[in-house]
Protein chains: 2
Amino acid sequence: MNPINRVWIVGGTHGNELTGIYLIQKFGRQPALIRRSNFTTHTLVGNPKAIARRQRYIDTDLNRSFERRWLTGPTATGYEAERAREICRLIEGDRPADSAAPVNADPGVDVIIDLHSTTANMGLTLIVDSEDDFNLQCAAYLHRRHPTLRIYNSAHSGRKHDSVRSLGQFGIGIEVGPVAQGVLNADFFHATEALIYSALDFCQDYNVSQAYGAIAPAALSPLPLTFYRYVGTLDYPRSAHGDLTAMIHPSRQFQDYAPLHPGDPIFQTFDGEAIAYTGPTTVYPIFINEAAYYEKGIAMTLTEQQVIEF
Amino acid sequence: MNPINRVWIVGGTHGNELTGIYLIQKFGRQPALIRRSNFTTHTLVGNPKAIARRQRYIDTDLNRSFERRWLTGPTATGYEAERAREICRLIEGDRPADSAAPVNADPGVDVIIDLHSTTANMGLTLIVDSEDDFNLQCAAYLHRRHPTLRIYNSAHSGRKHDSVRSLGQFGIGIEVGPVAQGVLNADFFHATEALIYSALDFCQDYNVSQAYGAIAPAALSPLPLTFYRYVGTLDYPRSAHGDLTAMIHPSRQFQDYAPLHPGDPIFQTFDGEAIAYTGPTTVYPIFINEAAYYEKGIAMTLTEQQVIEF
């Protein structure tokens, strides 16, 4: 494997998630903070037009706009489709219009760190989109430094194919919450910042270890680590017209990562009646009551625990 | 004083505050819930276009669009200006274009209950825009039934002149939080609903007491009651270009209604340095870190305690 040549820190992929937007501004003023010895670090503002309007997006979700068929095809229109192509050119270089392969591909590796916040109570969460060695080692490394960190394995969610971080050979997401859209929360700002510095340190150590014959940094952490692996999503109860007929049950609100057992109350009707979870097994819901997911038909994302030994 | 003839319950004055929107839908399905014996109750959806887009507003804040000079003048343009005129016609009846006085004014009194949510930790708050007897008695009545209720006296804030509730002879606001924009929180949904029912009960009792010679319902509550009276607002520290240079200090986040003493930390720079409150007296901030107020230049609203004896 080639060494990491470039790390991209992306903020404002969603225009109303302020943590990343203000961190990118800070790194612009103080670039030494994100400089490391054996790769270059770049910052990128994901969706400037949405940021100016303090909206998640203008026409469509930028973080679902990077599928190859959209990027190279003529059919995707709207601001985010154009912005996705711009970001792609910036990171991958120009490509012939009829090819998915970049022409001036760098022999080194790009890592993309994408910064998000959520209205769900996900604390400090690392999102990995695959079980590649890089991701597993990165998760273990970051967890050792940040013991409250949760790790969401989204490998089966589709994010690996359509997110901005799918552009890198390696990509991770940082998700913090609960934070309301359009709000800057100082604690989460600093927690995200500290996690970024650790991720950059990991990339530096990773390059060193690769040069010395792939002694994985995670070898320093022999403990098993719990990942939360995507298994599906659950929508709100709705009428035939698509209108909500119930809300997240009060006992489930802000209970991200807590076990949900068959029969547990999960929704509550507008008249106060509980609706039970009818799934066959215990799951661990995350993104519970995320504001941006009402329109996607997602009341929560279901995960199962996955213990990985190093 | 004439009796209350009509009570208007308004939801969705801001399109991304879901509590009121879904309560209005519920009352549409079950109108008996808001029916009382001695007035009629009406519901109103404030800003349908903004609701459809899950945005606070389309062109400008509807709840600042009811100043007389805007309503009757030819200069106000945009969706909310037009919607404000529509709502005004609905509640007050048609008026000559050159007059502020409604032509078919009902001899009875209109009460407007406007439903809101906030990203600040304001719990269950009643907003009164003046110290009229109706407001004082209503506050005392509701506080007796809902002991955790806070009462915000916004008489000096300008809301009395430009808000949707300024259209009624009497108007109150209900503000609940913290709730992220675009999120439905079951606990706050039910708390708002219960407070509405109590407010309707108060209006009914108020009419009865007026008929029997103004024996105020609040006479049943001899206890002094604490109001939080508007004294001003405080903006975030900003650069010469208007960019934020600091955030709400973590020790102040979600501390609405707690005393802020001179010298207390109030903001925190992006490098983690505390900025102290330099005001001359102890105040009680509310609307701390409200998402919708960044653009208004408001980091928090300052109030002072005002004890009212009945």
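You'll find the structure just up there.
Anyway, here's the lowdown on the structure attached to this text. Not measured: the values here are computed from a predicted model.

## A closer look at the overall build of chain A
Counting secondary structure elements, chain A contains 7 helices and 12 strands. For 310 residues, the compact-globule estimate of 2.2 N^0.38 gives 19 Å, and the C-alpha radius of gyration of chain A, at 20 Å, lies within 12% of that figure. Principal axes of the C-alpha set define a box for chain A whose edges measure 60 × 50 × 35 Å. Residues counted as buried form 57% of the 310 residues belonging to chain A. In chain A, once contacts between residues fewer than 6 apart in sequence are set aside, the share between residues at least 24 apart is 72%.

## Topic: the interface of chain A and chain B
At the junction of the two partners, chain A supplies 31 residues and chain B supplies 32 residues. Three residues stand out in chain A for area buried against chain B, namely Leu184, Met247 and Phe270 of chain A, and they jointly supply 22% of the buried area on that side. Residue Lys26 of chain B pairs with Asp271 of chain A through a salt bridge whose shortest N-O separation is 3.0 Å. Inspection of the chain A/chain B interface yields 12 residue pairs in polar contact (both at pLDDT 80 or more). Considering each element in turn, the side of chain A that touches chain B owes the most residues, 5 residues, to helix H7 (residues 186-211) of chain A. When its residues are assigned to classes, the side of chain A that touches chain B shows 14 nonpolar, 12 polar and 5 charged.

## A few points about the packing of aromatic side chains
Residue and element names in this part refer to chain A. By the definition in use, this model includes 30 aromatic pairs over all chains. Taking 6.1 Å as the distance between ring centres and 55° as the angle between the ring planes, the aromatic pair formed by Phe27 and Tyr197 counts as tilted. Taken together, the positions of Phe27 in helix H1 (residues 18-29) and Tyr197 in helix H7 put the pair 170 residues apart, joining distant regions of the chain. Across the pair, exposure class does not vary: Phe27 and Tyr197 are buried alike. Residues Tyr152 and Phe287 carry aromatic rings whose centres are separated by 6.2 Å and whose planes lie at 75° to one another, so their mutual orientation is edge-to-face. Of this pair, Tyr152 sits in strand E5 (residues 150-153) while Phe287 is found in the loop between strand E11 (284-286) and strand E12 (300-308), placing the two residues 135 residues apart along the sequence. Classification of Phe287 by relative accessible area gives buried; the value is 4%. An aromatic cluster is defined as three or more aromatic residues linked by ring pairs; in this entry it consists of Phe134, Tyr141, Phe170, Phe202 and Tyr206.

## Digging into the nonpolar core
The biggest cluster of nonpolar side chains holds 134 residues, and the ones touching the most others in it are Ile4, Ile113, Phe134 and Leu184 of chain A together with Ile4, Ile113 and Leu184 of chain B. Beyond its immediate stretch of four places on either side in the chain, Ile4 of chain A contacts Asn38, Phe39, Val109, Val111, Phe134, Cys203, Tyr206 and Asn207 of chain A.

## Here we look at the relation of the copies chain A and chain B
Here chain A sits on chain B after a turn of 180° about the axis and a move of 0.0 Å along it, with an RMSD of 0.0 Å. The transformation relating the two chain copies, once decomposed into turn and shift, fits a two-fold axis. The position closest to the rotation axis in chain A is occupied by the C-alpha of Ala180 of chain A, lying 2.2 Å away. A shared binding surface is used by both copies, with 100% of the interface residues of chain A retained as interface residues in chain B.

## Structural notes on the sheet that holds strand E6 (residues 170-177) of chain B
All names here are of chain B. Reading across the sheet, the 9 strands line up as E2-E1-E3-E6-E4-E5-E7-E12-E11 and stay open at both edges, with mixed pairing between neighbours. Each edge of the open sheet is held by one strand with a lone partner, namely strand E2 (40-45) and strand E11 (284-286). Recorded for the sheet is a direction-independent mean angle of 30° between the axes of neighbouring strands. Across 7 bridges, strand E3 (residues 109-117) lies against E6 in parallel orientation. Within the sheet, the bridge partner assigned to Ser117 lies in E6 and is Val176. Its contacts with the sheet place helix H1 (residues 18-29) against strand E1 (4-11), E2, E3 and E6, and it is angled at close to 125° to E1.

Rules used throughout
Residues numbered from 1 in each chain as written. Chains lettered and ligands numbered in written order. Predicted model: local features only at pLDDT ≥ 70, side-chain atom pairs only at ≥ 80, totals over all residues. Heavy atoms only, no water. Helix = DSSP H or I, 4+ residues; strand = E, 2+ residues; numbered from the N terminus. Rg over C-alpha atoms; globule rule 2.2 N^0.38 Å. Buried < 20%, exposed > 50% of the residue type's maximum accessible area, 1.4 Å probe, protein only. Contact = heavy atoms within 4.5 Å. Buried area = accessible area lost by both parts, 1.4 Å probe. Salt bridge = Lys/Arg side-chain N within 4 Å of Asp/Glu carboxyl O. Polar contact = N/O pair within 3.5 Å; in protein donor to acceptor, adjacent residues only side chain to side chain. Nonpolar A, V, L, I, M, F, W, Y, C, P; charged D, E, K, R; others polar. Phe/Tyr/Trp six-rings, centres within 6.5 Å; stacked < 30°, edge-to-face > 60°. Core = buried A, V, L, I, M, F, W, Y, C linked by side-chain atoms within 4.5 Å. Least-squares fit on C-alpha atoms with pLDDT ≥ 70 in both. Pairing = 2+ DSSP bridges. Axes fitted to C-alpha atoms, helices over the stretch in contact; angles between N-to-C directions.

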